Amino acid sequence: MSWDCGLRYMFSVPPALQPGSMCILHDKEDLSRLEMVQRLAKDGCRFLQSHSKGPEKTSETLSDEEGCVCLRERGHDVLVLQRMSSEQPALSASTRGGGREEARNRRYMVVSGTPEKILAHLLNDLTLDDEQGSTHSKESDTLMDDFLLTYPVFMSTSDLCQALLGHYCTKQYRGKEDKKEALERKQKVLHLVSQWVALCADFLREDEHVKLFMKTLCRYVLDDLYEHPALEKDVMEVQKLYLLHRRHTVDEYSPQRKSKALFHQLSLKENGLQFRGTQRETKQVLCHVYITMDSYLSMRAHAGVVSQQLLQAVAERMDIPQGELVLVAVTYPGGKVLLQPQDRVFSDSLRPVGRLHICRKDLGEVLNPFTDNSELQQRTACMLSLNTWDVAVALTNFDWTIFDSIHEQELVYFTFNRHASSSHTTALGLLLQRCNEVQLWVMTEVLLCPVLCKRVQLIKKFIKIAAHCKAQRNLHCFFAIIMGLNTAAVSRLSQTWEKIPGKFKKLFSELESITDPSLNHKAYRDSFKKMKAPKIPFLPLLLKDITFIHEGNKTFHDNLVNFEKLHMIADTVRLIRQCQKDHMGNGITQKSSSEVRAYIDYLHIIDNQQTLFELSHRLEPRA
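Each value, and the rule that gives it
Residues numbered from 1 in each chain as written. Predicted model: local features only at pLDDT ≥ 70, side-chain atom pairs only at ≥ 80, totals over all residues. Heavy atoms only, no water. Helix = DSSP H or I, 4+ residues; strand = E, 2+ residues; numbered from the N terminus. Buried < 20%, exposed > 50% of the residue type's maximum accessible area, 1.4 Å probe, protein only. pLDDT = per-residue confidence, 0-100. Contact = heavy atoms within 4.5 Å. Expected span 1.5 Å × (residues − 1). Arc of directions from axis to C-beta. Core = buried A, V, L, I, M, F, W, Y, C linked by side-chain atoms within 4.5 Å. Axes fitted to C-alpha atoms, helices over the stretch in contact; angles between N-to-C directions. Parallel < 35°, antiparallel > 145°, perpendicular 65-115°, else oblique. Left-handed = near helix turned anticlockwise from the far one by under 90°. Nonpolar A, V, L, I, M, F, W, Y, C, P; charged D, E, K, R; others polar. Pairing = 2+ DSSP bridges. Salt bridge = Lys/Arg side-chain N within 4 Å of Asp/Glu carboxyl O.

Asker: An account of the environment of Pro621 is requested, with residue identities and associated values reported.
Answerer: Mapped onto the elements of the fold, Pro621 is located in the segment after helix 26 (609–619). By relative accessible area, which is 58% here, Pro621 ends up exposed. The spatial distance from the C-alpha of Pro621 to the C-alpha of Leu493 is 9.2 Å, given a sequence separation of 128 residues.

Asker: Requested: an account of the confidence of the model for the protein chain, with residues and values cited.
Answerer: Across the protein chain, the average pLDDT comes to 78, with 73% of residues at or above 70. Considering only residues more than four positions removed or in separate chains, one finds that residues 1–23, a stretch of pLDDT under 50, has 45 contacts. In this model, residues 247–281 is a region of pLDDT below 50 whose contacts with residues beyond four sequence positions or in other chains number 84 contacts.

Asker: Pulling in residues and values, what's your account of helix 7 (residues 157–168)?
Answerer: With twelve residues, helix 7 should reach 16 Å at 1.5 Å per residue; the first-to-last C-alpha distance of 17 Å fits that figure. Those residues of helix 7 lying buried are Thr157, Leu160, Cys161, Leu164, Leu165, His167 and Tyr168. Along the axis of helix 7, the buried positions cluster into a sector of 160°, meaning they face one direction only.

Asker: Outline the nonpolar core, supporting the account with residue identities and numerical values.
Answerer: Phe147, Trp196, Trp441, Phe462 and Ile481 are the most contacted members of the largest nonpolar core, which totals 131 residues. Ranked by the residues each element gives to this core, the list is headed by helix 16 (residues 426–447), at twelve residues. Apart from the residues lying within four places of it in its own chain, the contact partners of Ile481 are Leu395, Val438, Val442, Phe462, Ile465, Ala466 and Cys469.

Asker: Describe the packing of helix 17 (residues 452–471) against helix 21 (residues 502–514), with residues and values.
Answerer: Contact pair helix 17 / helix 21: the axes reach a minimum separation of 10 Å and the direction vectors enclose 45°. Here helix 21 runs oblique to helix 17, going by the angle between their axes. In the packing of helix 17 onto helix 21, the handedness of the crossing is left-handed. From helix 17, Lys460, Ile463, Lys464, Ala466, Ala467 and Lys470 reach across to helix 21, where they touch Phe504, Leu507, Phe508, Leu511 and Ile514. For the contact of helix 17 with helix 21, the class distribution of residues is eight nonpolar, no polar and three charged.

Asker: Run through the environment of Arg618, naming residues and quoting values.
Answerer: Mapped onto the elements of the fold, Arg618 is located in helix 26. The spatial distance from the C-alpha of Arg618 to the C-alpha of Pro450 is 9.0 Å, given a sequence separation of 168 residues.

Asker: Break down the sheet that holds strand 6 (residues 284–292) for me, with residues and values.
Answerer: Pairing is mixed across the open sheet formed by six strands, whose spatial order is 9-8-10-6-7-13. A strand with exactly one partner marks an edge of an open sheet, and here the two such strands are strand 9 (336–338) and strand 13 (602–606). Strand-to-strand twist of the sheet, defined as the mean angle between neighbouring strand axes without regard to direction, takes the value 35°. In this structure, strand 7 (residues 295–302) lies alongside strand 13, joined through five bridges in antiparallel fashion. Considered in strand 13, the bridge of Ser298 is made with Leu603. Its contacts with the sheet put helix 16 on strand 6, strand 7 and strand 13, and the angle it makes with strand 13 is roughly 65°.

Asker: Could you give me a rundown of the pattern of salt bridges, with the residues and numbers involved?
Answerer: Scanning all chains against the criterion turns up 15 salt bridges. Put simply, Asp77 and Arg72 hold a salt bridge, and the shortest N to O gap is 2.9 Å. What makes Arg72 partly exposed here is its relative accessible area of 24%. A salt bridge links Asp145 to Arg577; the shortest N-O distance between them is 3.1 Å. Of this pair, Asp145 sits in helix 6 (residues 135–150) while Arg577 sits in helix 24 (residues 563–580); the two residues are 432 residues apart in sequence, bridging distant segments of the chain. For the pair shown, Asp145 and Arg577 are each scored as buried. Here the salt bridges do not stand alone but share partners, grouping Asp145, Asp146, Glu408, Asp571, Arg574 and Arg577 into one network.

Right, dumping it as structure tokens:
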């Protein structure tokens, strides 16, 4: 069948392809364009595989799979789409658009492709305001969200900026699209840009490529305003996005110059993702200040904290005059640097200048060990005096502050760029670090208690705190406490555990069963699924799920991006967004006691496993 004959055949009598047909478009320039494929598909046309040997080989049957469209250029695959069955029945011809609306319900998902063709398909598949709410719109929004969450895997931000500008001001359609189609193409690019900035604002704010891109795009849109007056609303949108990066009004080139107040009144498109409110102008860090060689004080501080501020906080916590202490940064080669009062403790990359130690001025050495410090020996009495619910509230408030600032894309960066800079995974790293600290804190508190009866009370208290954390929907801290009680150094204390009352042992057994890893952590997943949002998941398990997807599937197939894999990853990281939302007003944070908060915000921790085991054997020597 010749190409001319084949085209007439497709346009006149669309043949019915059997389910499982593979449709391949060959090297005809007009048909190789993705936009042509999309328009023909929407118009109800079916594509045939054309071979010179005759019509008997018009299709290749695939077993138990739906039809695919494979777009080829210069003899190479550039985009593979797979047919999706719509969950909603197609509307009748008499309702909306007849066969065109029916064809819209035959959707295609991206299987693989080059970054440029995936972006082209996304833009062509986007729906604007008048089509929002349809099945097509939801599928298009999911594709857009998948792309925006995972694009750093296969293209740089600079490449994406260039590609978007290319689609906005391309000349390849000149003479092939009418004015309405050109306007729609430009509006789709602007819609995608607004969603991109809304979703990824935290990562884009300081990117010079994005700043230049927004300025250039703003000028292009203003240039098009005369030819396309309908872009007036989009002009305001782009100018607002531009202001978010430049922090000043639009330049005098703009004929639409307005006051800043007007731009801030304009909201992002209601049908899209809302702008994320977590603008981390001052980033938070967990600071470790060692008070002995193997134990430290953990405290939350802002990235610009100076030496004097840390000294003051440690002196108050340790009840030692600040004038008697100095802060020393120990570098790993073995050098020591005495930090002056106004010296910054963290670099721009949020790394400490060294391992921070508190020393006495007169001795020039670290403080006395934990077990020899009289102030620290009173810690057990202090911990036992705290209300368990208040402690759980303080722990949950601390964790939620960090968790609520985590962006879904941080998990993507963490999975694919583990050895790269941690600037894109700051909040995620903090919460993972906090989980480890709480586990060590539980061990430290139990093993530093020399009296058996008080040690029993401490363990009972931690069991109740774990139960309260679960009730407050903080599974991250819940796991950390249970794991701390289950560590070898604590679980080996047989004399202590024998004294635990039966009802507490039963409660601990029930809580412990939720952490059971069997059947891929089924107990935890079932329990977590029943909880209302907002809630804090156990992040190490979520990262394990993403890593399993990453290592079990190739990122590229024959130089094409495996977008099926990226869709699975995007679908997994969206759990973060779902857990952070509070649709029903089920707020997770509560007012906590100032006394408890002061204790929880500055945890004393021993991070040396050998020291912990020595303490354990000192409490209960081997028989």
